[in-house]
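One letter stands for each residue in the lines below.
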Amino acid sequence: MKPSRRTLSLLAAAVAVAAVGIQQVRAAATVEAHYGSALGAFSDVCVQSANHGEMLRKVRIKGWEVLRDDAIPAMVQGNGMVSLAEVRRGQIAGQPVILAVGELSGTSFCHVYFHSTDTAAMQKRLQGLQVLGSPLNASDFKGPLNFPEGWSAVGWHRTVGQDWRAVHYSFDPDGRGPNAAWQAIEITRKI
């Protein structure tokens, strides 16, 4: 039995209404945010969020481009260990920034990528970043990364009671690799 034209018209109208509804929900799900620096965005979205769900809500910044599948740069996709839930690209102070939230082996993962800055100055700023109620201070990890190729990381690991956080700042130390224009800060914590 072939559907009637009226049935097809009603079905098309229902699909159109559903599509508009989904777009409105997505638009309503975005947040208004204005940051002065990539570190400010990282602090608000990744560090100060009470939980993984709040990170996912905060990363949906109004006006920032949603990146999916092949549009996500390889350095953000990584080696496949992180399951990305939301990736957004925007600008802060005229510079490109990418924010990504996902899961890594059952933990919450939040990452900000930004154009290169002075690594010593950024490490100094990160020492003052408040994580679990106190500044990070001196790092407890320095070493090479296996991805992105040629990058190194400086890290901090913090535990207070049952809560823990791992913060890593990564960059291309000699500035010659294919992703040398970028640096990243990430935080991992239990979900």
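Each value, and the rule that gives it
- Residues numbered from 1 in each chain as written.
- Predicted model: local features only at pLDDT ≥ 70, side-chain atom pairs only at ≥ 80, totals over all residues.
- Heavy atoms only, no water.
- Helix = DSSP H or I, 4+ residues; strand = E, 2+ residues; numbered from the N terminus.
- Buried < 20%, exposed > 50% of the residue type's maximum accessible area, 1.4 Å probe, protein only.
- Contact = heavy atoms within 4.5 Å.
- Areas by Shrake-Rupley, 256 points an atom, 1.4 Å probe, with all protein chains shown as cover.
- Core = buried A, V, L, I, M, F, W, Y, C linked by side-chain atoms within 4.5 Å.
- Salt bridge = Lys/Arg side-chain N within 4 Å of Asp/Glu carboxyl O.
- pLDDT = per-residue confidence, 0-100.
- Disulfide = S-S within 2.5 Å.
- Pairing = 2+ DSSP bridges.
- Polar contact = N/O pair within 3.5 Å; in protein donor to acceptor, adjacent residues only side chain to side chain.

Notes on the overall build of the protein
Summing up its helical and strand segments, the protein has five helices and 10 strands in all. Scored against the burial criterion, the 191 residues of the protein give a buried share of 40%. Across the protein, the fraction of contacts at a sequence separation of at least 24, relative to all contacts at a separation of at least 6, is 54%. With the model as given, the accessible surface of the protein reaches about 10700 Å², and the carbon-plus-sulfur share is 54%.

Quick word on helix H2 (residues 38-47)
Judged by how many residues are buried, H2 sits mostly within the fold: eight of 10 residues are covered. Among the residues making up H2, those that are buried are Ala38, Leu39, Ala41, Phe42, Ser43, Val45, Cys46 and Val47.

Structural notes on the nonpolar core
It is characteristic of soluble globular proteins that their nonpolar side chains tend to be buried jointly. By size, the foremost hydrophobic cluster in this structure holds 34 residues, and its most contacted members are Phe42, Leu99 and Ile185. In this structure leucine 99 touches Ala41, Val45, Cys46, Val59, Ile61, Trp64, Glu86, Val87, Arg88, His111 and Val112, once residues within four positions along its chain are discounted. Listed in part, the 11 residues of the second largest apolar core include Leu67, Met75, Tyr113 and Trp182.

As for the pattern of salt bridges
Applying the stated criterion across every chain, the model contains six salt bridges. Across the pair glutamate 86 and arginine 60 runs a salt bridge, and its minimum N-O distance is 3.3 Å. Pair noted here: glutamate 86 is in strand E2 (residues 82-92) and arginine 60 is in the loop between helix H3 (52-58) and strand E1 (65-66), with a separation of 26 residues, a long-range link. Overall, the relative accessible area of 10% leaves glutamate 86 in the buried class. Here arginine 88 makes a salt bridge to glutamate 86, at a shortest N to O gap of 2.9 Å. Glutamate 86 matches arginine 88 in its accessibility class, with the two residues each being buried. In the salt-bridge network here, residues are joined through shared partners; they are Asp44, Glu54 and Lys58.

Describing the confidence of the model for the protein
Residues of the protein with pLDDT of at least 70 account for 85%, and the chain-wide mean is 86. A low-confidence stretch, residues 10-28 stays under pLDDT 50, and its non-local contacts, those more than four residues away or across chains, total one contact.

Here's the deal with the state of the cysteines
Taken as a whole, this structure holds one disulfide when the rule is applied. Two residues, cysteine 46 and cysteine 110, share a disulfide whose sulfurs are 2.0 Å apart. Sign of the S-S torsion, about -55 degrees for the bond between cysteine 46 and cysteine 110, identifies this disulfide as left-handed. Of this pair, cysteine 46 sits in helix H2 while cysteine 110 is found in strand E4 (residues 107-115), placing the two residues 64 residues apart along the sequence. Taken individually, cysteine 46 and cysteine 110 each receive the classification buried, so the pair is uniform in this respect.

Examining the pairing of E2
Direction of pairing for E1 relative to E2: antiparallel, over a ladder of two bridges. Within E2, the residue paired with glutamate 65 across the bridge is arginine 89. Between E2 and strand E3 (residues 95-104), which follow one another and run antiparallel, lie two residues, and alanine 93 among them has a positive phi close to 50 degrees.

Here's the deal with the environment of lysine 58
Mapped onto the secondary structure, lysine 58 falls in helix H3. Judged by its relative accessible area of 11%, lysine 58 falls in the buried class. Taking C-alpha positions, lysine 58 is 7.8 Å from threonine 30, a pair spaced 28 residues apart along the chain. If we skip the residues at most four places from it in the chain, lysine 58 touches Val31, Asp44, Val45, Gln48 and Ser49. At 3.0 Å, the side chain of lysine 58 and the backbone oxygen of aspartate 44 are in polar contact.

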